Amino acid sequence: MTARTTRTPQTTESPAVPGAAYRNLVVATIGFAISFWAWNLISPLATTLGDKLSLSSFEKSLMVAVPVLVGSLGRVPVGALTDRLGAKIMFPLVSALTIVPVLLLIVVKDSYAGLLVVGFFLGLGGTTFAIGVPLVNSWFPPARRGFAVGVFGAGMGGVALSGYFTPRIYKHGESLPFVVLAIALAVMAVVEFFLLADRPDRVVPTTSLGKRLGDAGRLRVTWELAALYAIGFGGIVAFGVYLPTYLKTWYGLSPTDAGTRAAGFALITVIFRPIGGWLSDRIHPAVVTAWALGLVGALAVCQAFEPQLVPGGTVLLLVMAAGLGTTSGSVFAMVARVTPPPKVGSVTGIVGAMGGLGGFVPPLVMGAVYSAKNSYAIGFMLLSDLALAGCVYSFGRMREVGRERQSV
């Protein structure tokens, strides 16, 4: 009995999180934020560049949406490569490669075709999400993964950094934001190379990339989570890239003021993402997702009636940001809960890709709807329909998802 009692504290302490886990979490989150800034670099300047190049509303929407598309689809192979090579290699490699399109923006900023082409490669910055989730997931015990992945996900605050700082730096020099960000990416690539570490007992898959993606794609839960993430995170990305244009076009704000308010929206999503993960550690993540999406659906209907920006529109948009941030945290808490460790990167890549694609379509729809109807109401009603559908599915089906882990 004595021996058993002396061993009990060690048993309880054994799942304690090592210091290396927190170091990896901090470095990965900062690296994710910087690469997300790069991914969203064109959006805060879209109105300025669009006016300069005499672009239509749809052309501006396409310009900001192209990096989103590539950054989303790129998460699938990048996530699978992370399973194989590890985040220690992939994170600094992607950060360093993203420097190239960032600097090329200096060359092509006066050409619409050039911005589309470089924006395609700029999408690389959005793939770091699929590197960080398996890294963080591997270092933290199951009871802490929801919160840890939520904290890492707060790195999407790079969108807020971009919205606030990019137009202000641009005022001091048209090439300056791109130079500043290239330096930041270079510094982060060095820091990530020396400070990130894969877990020593990491399981390295031996099967081919195609087979691993195929295995992940055959899991029903992969596509269920992908659909929910497309609504939650897709909403965040869509607002992140299009909100400055929406605020300037509909409410007549200046580019700087619109960027500042869009940064506030992004900041709220950043704050509520770890809250979504934290709540999911204590309540079933499907329940958290259902409540959050239900809130977004209800408020999107209100915003469709195009209230005055102060106070109505501001309150509605910020509370929607809280709901979308909570959803993105709770959905990835489900990923951490139901996915076997060797498949986390592949599943994360597919789910993350669908989330990004969820952000690719709405800016195009909003731009097209505004061009045709001179109103954004239809776009907000579509968001409401999707959010309410996700709410019902989460509550009705995804509460059972934990029972499928054995079959996964």
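Residues numbered from 1 in each chain as written. Predicted model: local features only at pLDDT ≥ 70, side-chain atom pairs only at ≥ 80, totals over all residues. Heavy atoms only, no water.

Student: Please set out the environment of Ile106 residue by residue, giving values where relevant.
Tutor: Mapped onto the fold, Ile106 is located in helix α6 (residues 87–108). Since its relative accessible area comes to 24%, Ile106 is described here as partly exposed. In this structure the C-alpha to C-alpha distance between Ile106 and Phe178, which are 72 residues apart in sequence, comes to 6.9 Å. When near neighbours in sequence (up to four residues on either side) are disregarded, Ile106 contacts Ser175, Phe178 and Val179. (Helix = DSSP H or I, 4+ residues; strand = E, 2+ residues; numbered from the N terminus. Buried < 20%, exposed > 50% of the residue type's maximum accessible area, 1.4 Å probe, protein only. Contact = heavy atoms within 4.5 Å.)

Student: Explain the nonpolar core to me, using residue names and the numbers behind them.
Tutor: In this structure, Val102, Leu105, Phe152, Leu247 and Phe380 are the most contacted members of the largest nonpolar core, which totals 113 residues. Among the elements that take part in this core, helix α13 (residues 220–251) stands out by supplying 15 residues, more than any other. Sequence-distant contacts of Val102, that is, excluding residues within four places in its chain, are made with Ala38, Leu41, Leu122, Phe178, Leu181, Ala182 and Leu185. (Core = buried A, V, L, I, M, F, W, Y, C linked by side-chain atoms within 4.5 Å.)

Student: Tell me about the environment of Asp281, and please be specific about residues and values.
Tutor: Looking at the element boundaries, Asp281 is found in helix α14 (residues 255–282). Sequence spacing of Asp281 and Ala143 is 138 residues, and the spatial spacing of their C-alpha atoms is 6.3 Å. Setting aside chain neighbours within four positions, we find Asp281 in contact with Pro142, Ala143, Arg144, Arg145, Gly146 and Phe147.

Student: Can you tell me about unusual backbone geometry, naming the residues and giving the values?
Tutor: Negative phi is the rule for most residues except glycine; trans is the rule for most peptide bonds. Positive phi, close to 55 degrees, is recorded for Ser54, a residue that is not glycine. Note on placement: Ser54 falls in the loop between α3 (46–53) and α4 (57–73). Exposure remark for Ser54: the relative accessible area of 63% places this residue in the exposed category. Look at Glu306: it is not a glycine, yet its phi comes out positive at around 55 degrees.

Student: Describe in detail a nonpolar patch on the surface, supporting the description with residues and values.
Tutor: Residues Leu103, Leu176, Val179, Val180, Ile183 and Val187 make up a contiguous nonpolar surface patch of about 440 Å² in total accessible area. Examining the composition of the nonpolar patch, we find that 5 residues originate from one element, helix α11 (residues 176–195), more than from any other. Mapped onto the elements, Val179 comes out in helix α11. (Patch = residues over 30% accessible without salt bridge, like charges linked within 9 Å, V, L, I, M, F, W, Y side chains within 5 Å. Areas by Shrake-Rupley, 256 points an atom, 1.4 Å probe, with all protein chains shown as cover. Salt bridge = Lys/Arg side-chain N within 4 Å of Asp/Glu carboxyl O.)

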